[in-house]
Amino acid sequence: MSNVTRKHTALPKARILIEALPWLTRHNGKVVVIKFGGNAMVNEELKSAFAQDVVFLRQAGLKPVVVHGGGPQISAALDKHGIVSEFKAGLRVTTEDAMDVVRMVLAGQVQRELVGLLNQHGPLAVGLTGEDAHTITATKHQPEIDGELVDIGRVGEITAIDTGAIEALLADGRIPVVSSIARSQDDGHVYNVNADTAAAALAAALGAETLMVLTDVEGLYEDWPNSDEVISRLTASQLEKLLPELSSGMVPKMEGCLHAVRNGVTTARVIDGRVQHSILLEIFTDEGIGTMVVPDAEEGDAV
């Protein structure tokens, strides 16, 4: 290979690195909470790319915190145990027996695999659940369906976050991987909590720079199903107006984004986890991908 050719092939790489420079500077030392879910969680190539991205963020001077659920894995395990999966108001009805399986799958399977993928790159990831060091505390959640409160078992509503253990891990240069299980505020049990909600609550409590929610769509669509134009940026108030029209799967994700930016997180983003390295594309490029939610104040209290 001649020197001229070598220079030519190296130049685009240099340009990409230079484009990332202002973003690297801006995010240096900042906490980024990433909700891992959807297809990125089941496809082997995407899982591996996700782990590389998170380690890259850590090596680039950011402080990533990963929060995960495990819907598909939980459903498969419940099937295996002969426990029927039932959903009410978009939430899994979680009996005592089901809760044992949920805990086993999240903390013993999904989290372990993710910690293992991250730790192929060094002694970085440490797994914990919301039970550890009182990280997430919850009380029983009873959704309202047709004006009546419904009992859906051990599904929790987050009442408190203690960031002590996570902050200690971050100070030690580690990557915390948090399973969305909470300790109970009022009895000796544990609760299954929505992972989108848990990620948003942790992002707010940690004073994160960014909350990123991986999902299986390109972002929030402008006028679905008539158009597949993605809204690239909207304020908290604009999002609040849209919430009633959203599909049930997007509601906890977008409510999480809204909670985050209304409670001190600078930006919250929903990004397409089906795209390899979507996290890096979102954080380190001028274009970005997905939908970004910003606080109202950023646009002079735009309504």
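The structure contained in this document is the topic of the report that follows.

About the criteria used
Residues numbered from 1 in each chain as written. Predicted model: local features only at pLDDT ≥ 70, side-chain atom pairs only at ≥ 80, totals over all residues. Heavy atoms only, no water. Helix = DSSP H or I, 4+ residues; strand = E, 2+ residues; numbered from the N terminus. Rg over C-alpha atoms; globule rule 2.2 N^0.38 Å. Areas by Shrake-Rupley, 256 points an atom, 1.4 Å probe, with all protein chains shown as cover. Lys, Arg positive; Asp, Glu negative; His and termini not counted. Charge placed at Lys NZ, Arg CZ, Asp CG, Glu CD. Pairing = 2+ DSSP bridges. Axes fitted to C-alpha atoms, helices over the stretch in contact; angles between N-to-C directions. Buried < 20%, exposed > 50% of the residue type's maximum accessible area, 1.4 Å probe, protein only. Salt bridge = Lys/Arg side-chain N within 4 Å of Asp/Glu carboxyl O. Polar contact = N/O pair within 3.5 Å; in protein donor to acceptor, adjacent residues only side chain to side chain. Contact = heavy atoms within 4.5 Å.

### Describing the overall build of the protein
Check the secondary structure of the protein and you find nine helices and 18 strands. For 303 residues, the compact-globule estimate of 2.2 N^0.38 gives 19 Å, and the protein sits close to it at 20 Å. Along the three orthogonal principal directions, the C-alpha set of the protein runs to about 70 × 45 × 35 Å. Counting only carbon and sulfur atoms, one obtains 52% of the accessible surface of the protein, whose full area is about 14300 Å². Across the protein, 25 positive and 41 negative side-chain charges occur, with their mean positions spaced 9 Å apart.

### Quick word on the sheet that holds strand E1 (residues 31-36)
Taken together, eight strands build an open sheet; the order of strands is E5-E10-E2-E1-E13-E17-E18-E16 and the sheet is mixed. Taken across any chain shown, the strands that pair with only one partner, and hence form the sheet edges, are strand E5 (125-129) and strand E16 (233-235). This sheet shows a mean twist of 20 degrees between the axes of neighbouring strands, independent of strand direction. Summarising the sheet, E16 and strand E18 (residues 291-294) pair through three bridges and their orientation is parallel. Paired with threonine 235 across the two strands is valine 294, which belongs to E18.

### Some details on the side chain of aspartate 53
Within the fold, aspartate 53 resides in helix H2 (residues 44-59). For the buried aspartate 53, which has no salt bridge, the nearest side chain bearing the opposite charge is arginine 269, at an N-O separation of 12 Å. Reaching out from aspartate 53, the side chain makes a polar contact with the side chain of histidine 277 at a distance of 2.6 Å. Every residue in contact with aspartate 53, bar those within four places of it in the chain, is listed here: His277, Ser278, Ile279 and Leu280.

### Digging into the sheet that holds strand E12 (residues 190-192)
Strand order in this open sheet of four strands is E9-E6-E11-E12, and the pairing throughout is mixed. Each edge of the open sheet is held by one strand with a lone partner, namely strand E9 (156-161) and E12. On average, each strand axis in the sheet is tilted by 50 degrees relative to the strand beside it, whichever way the strands run. In this sheet, E12 lies alongside strand E11 (residues 181-184) in antiparallel orientation, the contact comprising three bridges. When the sheet's bridge partners are listed, arginine 183 is paired in E12 with valine 190. In this fold helix H4 (residues 96-118) packs onto E11 and E12, with an angle of close to 75 degrees to the strand it touches most, E12.

### Regarding the environment of glutamate 209
Its location among the elements puts glutamate 209 in the loop between helix H6 (195-206) and strand E13 (210-215). Here glutamate 209 falls in the buried class, since its relative accessible area comes to 13%. Considering only alpha carbons, one finds glutamate 209 and glutamate 96, 113 residues apart in sequence, at a separation of 37 Å.

### Overview of the environment of proline 22
On the secondary structure map, proline 22 appears in helix H1 (residues 3-27). Distance from proline 22 to phenylalanine 284, taken between C-alpha atoms, is 8.3 Å for residues 262 residues apart in sequence.

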